[in-house]
Structures are given as structure tokens and as C-alpha cells.
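Given next are the chains, with one letter for each unit.
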Amino acid sequence: MSLTYSYKIRSFFNASHAVRWEKGVGKQHTHTWEVICELNSSAGKTVVFKKIEDVLHDVFQPFSGKFLNDLPYFQEINPTVENVTVWLSQLLTSAFQPLGVRLIRIEVGESPTRSYCIKISD
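Everything quoted here is computed from the prediction, not taken from an experiment. (Residues numbered from 1 in each chain as written. Predicted model: local features only at pLDDT ≥ 70, side-chain atom pairs only at ≥ 80, totals over all residues. Heavy atoms only, no water.)

Caption draft 1: Structural detail: the nonpolar core. The biggest cluster of nonpolar side chains holds 30 residues, and the ones touching the most others in it are Val 35, Cys 37, Leu 68, Leu 88, Leu 92 and Phe 96. Breaking this core down by element, the ones donating at least two residues are strand S1 (7-17), strand S4 (29-41), helix H1 (49-60), helix H2 (81-96) and strand S5 (101-111). Considering every element that reaches this core, the biggest residue donor is H2, with 6 residues. (Core = buried A, V, L, I, M, F, W, Y, C linked by side-chain atoms within 4.5 Å. Buried < 20%, exposed > 50% of the residue type's maximum accessible area, 1.4 Å probe, protein only. Helix = DSSP H or I, 4+ residues; strand = E, 2+ residues; numbered from the N terminus.)

Caption draft 2: Expanded view of the packing of aromatic side chains. Applying the stated criterion across every chain yields a total of 9 aromatic pairs. Judged by centre distance (5.5 Å) and plane angle (80°), the ring pair of Tyr 7 and Phe 49 falls under edge-to-face. In this pair, Tyr 7 sits in strand S1 while Phe 49 sits in helix H1, placing the two residues 42 residues apart along the sequence. The exposure class assigned to Phe 49 is partly exposed, which follows from its relative accessible area of 41%. Among the aromatic side chains, those forming a connected cluster through ring pairs are Phe 13, Trp 33, Phe 60, Phe 63, Tyr 73, Phe 74 and Trp 87. (Phe/Tyr/Trp six-rings, centres within 6.5 Å; stacked < 30°, edge-to-face > 60°.)

Caption draft 3: Region of interest: the environment of Ser 64. Relative to the assigned elements, Ser 64 resides in the loop between H1 and H2. A relative accessible area of 32% places Ser 64 in the partly exposed class. Discounting chain neighbours no more than four positions away, the residues touching Ser 64 are Phe 13 and Asn 14. (Contact = heavy atoms within 4.5 Å.)

Caption draft 4: View of the side chain of Ser 89. Here Ser 89 is to be found in helix H2. Note on Ser 89: relative accessible area 9%, which makes it buried. At 2.7 Å, the side chain of Ser 89 forms a polar contact with the backbone oxygen of Val 86. When sequence neighbours within four positions are dropped, the list of residues in contact with Ser 89 reads Leu 103, Ile 106 and Ile 118. (Polar contact = N/O pair within 3.5 Å; in protein donor to acceptor, adjacent residues only side chain to side chain.)

Caption draft 5: Just H2, in detail. Taking 1.5 Å of rise per residue, the 16 residues of H2 would be expected to cover 22 Å, and the 22 Å separating its terminal C-alpha atoms lies within 8% of that figure. Every buried residue of H2 is listed here: Val 81, Val 84, Thr 85, Trp 87, Leu 88, Ser 89, Leu 92 and Phe 96. Elements in contact with the buried residues of H2: S1, S4, H1, S5 and strand S6 (114-119). (Expected span 1.5 Å × (residues − 1).)

Caption draft 6: A look at the state of the cysteines. Under the criterion given, the structure shown has 0 disulfides. Of all cysteine sulfurs in the structure, the one in Cys 117 sits closest to Cys 37, which takes part in no disulfide; the separation is 11 Å. Taking the relative accessible area as the measure of exposure, Cys 37 reaches 0% and is therefore buried. Owing to a relative accessible area of 37%, Cys 117 belongs among the partly exposed residues under this scheme. (Disulfide = S-S within 2.5 Å.)

Next comes the structure, spelled out in C-alpha cells:
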């Protein structure tokens, strides 16, 4: 039997977006985005949850309360929940490296019933 160990942490930030459609742009609206990260530590290293939370806070702070469409990343990319998840996975993957943890799964929800997930494997 093979066991895999991971950390799982749930966090939130508020931001608005407006999805671009073929016939124009939808109405700007705000979400409380829920971000669930699952992490592996290197070589069984214990990670303090507060350090993970600090990284999440530092990553989210620049766009918390902002209109995502105005951010450089979303100038050409549609700010859908799928694309927000890809973007956050890229930001968090590099942000977690100094802690010696690796993002292995991310789930981003724009509501309690709508989420998009990415599982990251080698």
C-alpha cells in the first residue's frame, strides 16, 4: 500500500469580474472567491499553516477588492473561473517554492456551487 500525505488549506478573497462573450461583455459583478490548495511538502518536512496562510495573503492582496479585468493578465484572457484558476495556480506554484511545498491541486470557486479544479502532477 502506498500513502500520500498532503496539506489542504481553504482561503478567500473578494474581487469582481465581467466575462467577455462573443456579443460583448457581461455585467461586472463581485464574488467571494474560495481557493482550496492541496500541498505536498518536500521530504516529509512539517510546514506551519501560518506560513502557508501568509503566502496566500501576500499573493491575493494586490488584487483583493479589485476588478480582475483591469489586471494585465486578463487584458487578453477572459477572466472566467477556469482562467482565474489557471492564473492562481501559476502564481501560487512559484510563491510556495520558498516554503519547500508544492501545489498539487487547486480548486477555485466563484460561488458555493461552482468550482473549477486543476490537479498538478509530475
